[in-house]
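Here's the letter readout for the chains.
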Amino acid sequence: MTDLTKLKSFLYAAEHLNFTKAAQQLHVTQPTISHHIKSIEDEMDVILFDRSDYNIRITDAGRLLLPWARKLIRQSIEMQEMMKSLQDNIVGGLRIACSTTAGKYVLPQLAARFSQSHPGVRVNILRCNPDTVIPNLLDNEANLGVVSYEALEKNMELQEFFNDYISLIVPSDHPFAMRHQISPEELIDEPIIMREPTSGTRRVVLAELAKHDISIEDMNIFMTIGNAEAIVQTVAAGYGISFASTLAIDCPLQSGSVASIDVQGVNLQRKIYMLRKRLDDPYRPQEAFWSFVHDPSNLDLLQLSKACDL
């Protein structure tokens, strides 16, 4: 991998089209600049500058490399600034818009840990639906968002948060409860309680069943509920079967009020994402939490859903 110091020599030389001026700005010698650029050219097997006369000209390869060099150097600077800021006291409010059931099980504990490390930051977790997370970020109503879909929006940054696992749940006295696995076709005649149309759980379930030529019209969906805990309680009361995040069914499974059943050939998992608005002036509590999410000490929280997958 090319050294960032060498990339900086290339960047300044490309901007000035003059090795001497680049050397002056970087406080090194002109031969050092030449050596760095030659090293990159040898490493990548390209020619970055045309040196055929007294004036240098950037080549096509150099033009292709230029935006990448700027990006890598900028990210390096941002990383150093972020690490430095984490050594200082960070204060302020942090508002996180959460639209997923799975997120509300993991996020509060993560926020509590963050608050212990940064007692000057006040965290407020906002409950909202998937359609309002991005507007909240764009309107600065929230600093961070948690969603169950890959939001590839302009002016937004996205990172994977954790994997959520979804299970078919049935009442404890249901015939399926005595079995470890059923076929997708066996779902068709069962009374099913489904999440609302904007739910990530619903989206994953329908997409997976479609692979087995089962559509929403084929199923007996007799009720739609927009709350995972309410669905689990309704299933436990014996009114139907449903799908829910393993995070929401852990306690009912332990108590024996519902049973979790595998559906053959159906991969019921999804990624939960964290997103933020791109800012010209980074907000320190936001930056700190963004990095804190994947601190190795939080691996147990990020794997809670997997641990609940019984």
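The model shown is predicted, which means the values in this text are computed figures rather than measured ones. (Residues numbered from 1 in each chain as written. Predicted model: local features only at pLDDT ≥ 70, side-chain atom pairs only at ≥ 80, totals over all residues. Heavy atoms only, no water.)

### Thoughts on a nonpolar patch on the surface
Taken together, Phe222, Met223 and Tyr239 make up a surface patch of nonpolar side chains, about 310 Å² in accessible area. Checked against the element boundaries, Met223 lands in strand 9 (residues 220-224). Look at Met223 and you get partly exposed, because its relative accessible area is 31%. (Patch = residues over 30% accessible without salt bridge, like charges linked within 9 Å, V, L, I, M, F, W, Y side chains within 5 Å. Areas by Shrake-Rupley, 256 points an atom, 1.4 Å probe, with all protein chains shown as cover. Salt bridge = Lys/Arg side-chain N within 4 Å of Asp/Glu carboxyl O. Helix = DSSP H or I, 4+ residues; strand = E, 2+ residues; numbered from the N terminus. Buried < 20%, exposed > 50% of the residue type's maximum accessible area, 1.4 Å probe, protein only.)

### Some thoughts on the environment of Glu141
Looking at the secondary structure, you find Glu141 in the loop between helix 6 (130-138) and strand 5 (144-147). The class for Glu141 is partly exposed, based on a relative accessible area of 47%. Once residues lying within four places of it in the same chain are set aside, the contact partners of Glu141 are Arg95, Leu126 and Asn136. (Contact = heavy atoms within 4.5 Å.)

### Quick word on the environment of Leu275
With respect to the helices and strands, Leu275 occurs in strand 12 (residues 269-277). Judged by its relative accessible area of 0%, Leu275 is buried. Not counting the four nearest positions on each side in its chain, Leu275 is found in contact with Val133, Ile134, Leu137, Leu144, Gly145, Val146, Val147, Ala151, Met156, Glu157, Leu158 and Trp290.

### Re unusual backbone geometry
Where the residue is not glycine, phi is negative for most of them; where a peptide bond is considered, it is trans in most cases. Despite not being glycine, His27 has its phi angle at roughly 60 degrees, a positive value. The phi torsion at Asn140 lies on the positive side, around 65 degrees, for a residue other than glycine. Following the sequence through the fold, Asn140 ends up in the loop between helix 6 and strand 5.

### Comments concerning the nonpolar core
Ranked by internal contacts, the top residues of the largest apolar core, which has 25 residues, are Leu107, Val146, Phe161, Phe162, Met274 and Phe289. For this core, the secondary structure elements donating two or more residues are strand 3 (92-98), helix 5 (101-117), strand 5, strand 6 (156-171), strand 12, helix 10 (284-292) and helix 11 (299-302). The biggest single contributor to this core is helix 5, with 6 residues. Sequence-distant contacts of Leu107, defined by excluding residues within four places in its chain, comprise Ile96, Cys98, Ile125, Val146, Phe161, Met274 and Phe289. Ranked by size, the runner-up nonpolar core spans 20 residues in total, among them Ile166, Ile182, Ile214 and Met219. (Core = buried A, V, L, I, M, F, W, Y, C linked by side-chain atoms within 4.5 Å.)

Note that every value here comes from positions in space, so none of it alone points to a role or purpose.
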